[in-house]
Amino acid sequence: MQISVQYFILGLIIFGLVLVGIFTGPSDFSIKEMFDGLLRKNDHISQVIIWDMRIPRILASIIVGNCLGLAGVLIQLSTRSSLGDPNLFGIGGGAAIFIAAGFGGLFVISSFFSLIGCIISSTLVALGLSMLISTPNLSATKLALMGIAVAALTISIGTAIISHGRVFPSQIIGLVSGSFSSSNWENVFYLLIIFCICFAISICLARKFFAIMLGDILTKSLGVNPIKIRLFAMTIVGVLSGVSVFSGGIIGFVGLVSPHISRRLFGNSTINLIISSSIIGGLITLFADQLARLLFAPSELPVGLATTILGAPTMMYLALKVK
Amino acid sequence: MTITIKNLTVELEDIKILHNISIQIPIKSFTCILGENGAGKSTLLRVIANDISDYSGFISRIKETDLVYLPQNIESPPFLTASEIVSLGFYNSKFTKQKVTHLSNELIETCGISKIKNQLFENISSGEKQRVWIAFALAQSKDFILMDEPLSSVDTDSRKGFYELLKGIVESGKTIILVSHHIEDVTIYADNIIRLEKGCVV
């Protein structure tokens, strides 16, 4: 199938899910009321629900998914490993510690500074992880072991802070397992700007990522410095994870699965991988959020559970296929 | 023209690996560094490849941009096909995509790997992998190709074909320095042989 056709189909699926996100939900509106709300025709309550709740939520889930898909493919490309997920490797956990500290009452800051704090703390974890893995012979096993250890550490620090403060269970679940129920336009705005910047930088680096697939010694023979590229990539991963945890909490498996699916659909071209993994990440997260929202409506599942339910079996299937 | 090495001594982690070596390696020729395991062959190659900078003595350096160093047991790049690796050799060239594909295919033909060019690198045999690396090195159009035990796990028949390929490459004006412990092959094909024993030239 032609690549443009594949992108078109992905776009179509996302469009379908967006319609589901706009027109379904626990509130009892007629189709006409919802259309009027969507077109801002009258001051019906549906207008508020659609424009201030459902649409920001849809956009937030798509862009957080884009961030996770992009972060996942960046980790996997820069470490030449088929493992790699920002949240399973504890990079998002850095931001979660920061949010937990806020919940726990260690400080009170505005949401903008909270975003900055999330980005800085997860970038620090990402850089720490890349120091740990910058050995001459990085194997997939070593990477996974380091990542899992870092994740365990960040989760236990976060939990310790949370149990110290008096935090509502729903806040904890939203943080640890992900939720978009409190998305707003401000969130979407931050997400969009940061994602676009990171995406543009990644596209500029795409050719270099293709070169570092060769391994460090041979990459150097092409005049590319693999360690520098890896550090740069991990910084971007840190920023992306920070902003995604800030907006949606810890959502696992999206970053791990999206690059694998896009490799199967779009092949090895790094530019296509970066673009398609971002899109597929958005699609998965949007789909998972709709599941989370609608499956047991009016009560909600944490979206991270939905991505895990979708992602874990996909990963098992892929793992069985790999030699 | 030669690569001159004078009184080269290398110590790694307090163990003396090369003792006061003086040799001359003619360029545009096929040189083999021969010796038992632990004789210091790989270390000598790494010094020539600028991969070790902590040594005493003199060596006329090859510019880093002029050489490709293929270490022993290169980890297979994941996901890439043989032809993708060869075309990566053109990374720094300004050729168009079509031109790169065309030139890569020519090199693939030269190195006798047309049959497996679209297979994943991980899945091809070790002899074929070495041929892919040769094509990759040729694509970079560098003058010096340094290889460490490329054929350690390749059977005798495939080795013969491989050496003939290298011979052809040297005739086209390249310098190849190869580390090996297969005495019988090397004596047939190499222009010069450097024999190392316990860190000394013999």
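(A) Representation of the overall build of chain B within the structure. Within chain B, the secondary structure is distributed over six helices and nine strands. In summary, chain B has a C-alpha radius of gyration of 17 Å against a globular reference of 17 Å for 202 residues, a match within 12%. Considered along the principal axes of its C-alpha atoms, chain B spans approximately 50 × 35 × 35 Å. Considering chain B as a whole, with its 202 residues, one finds that 43% of them fall into the buried category. When contacts within chain B are restricted to residue pairs at least 6 apart in sequence, long-range pairs at least 24 apart make up 71% of them.

(B) The domain arrangement of chain A, seen in detail. All names here are of chain A. For chain A, the domain assignment lists domain 1 (86-250) and domain 2 (251-323). Each of domain 1 and domain 2 has a C-alpha centre, and these two points are 18 Å apart. Taken residue by residue, the interface counts 19 residues in domain 1 and 14 residues in domain 2. Considering each element in turn, the side of domain 1 that touches domain 2 owes the most residues, six residues, to helix 8 (residues 185-212).

(C) Spatial organisation of the interface of chain B and chain A. Residue-level contacts link 14 residues of chain B with 14 residues of chain A. Those elements that place two or more of their residues in the side of chain B that touches chain A are strand 5 (67-70) and helix 2 (82-88) of chain B. Looking at the side of chain B that touches chain A residue by residue, the classes come out as 10 nonpolar, two polar and two charged.

(D) How the structure looks around the sheet that holds strand 5 of chain B. Residue and element names in this part refer to chain B. Taken together, six strands build an open sheet; the order of strands is 5-6-7-3-8-9 and the sheet is mixed. Two strands close off the open sheet at either side, each with one partner strand: strand 5 and strand 9 (200-201). Here five bridges tie strand 6 (residues 144-148) to strand 7 (residues 175-180), and the two strands are oriented parallel to one another. Bridge pairing in strand 7 links F144 to T175.

How each quantity is defined
- Residues numbered from 1 in each chain as written.
- Chains lettered and ligands numbered in written order.
- Predicted model: local features only at pLDDT ≥ 70, side-chain atom pairs only at ≥ 80, totals over all residues.
- Helix = DSSP H or I, 4+ residues; strand = E, 2+ residues; numbered from the N terminus.
- Rg over C-alpha atoms; globule rule 2.2 N^0.38 Å.
- Buried ≥ 20, exposed ≤ 12 C-beta atoms within 10 Å, placed from the backbone.
- Contact = placed C-beta atoms within 7 Å.
- Domains from an automatic or database assignment.
- Nonpolar A, V, L, I, M, F, W, Y, C, P; charged D, E, K, R; others polar.
- Pairing = 2+ DSSP bridges.

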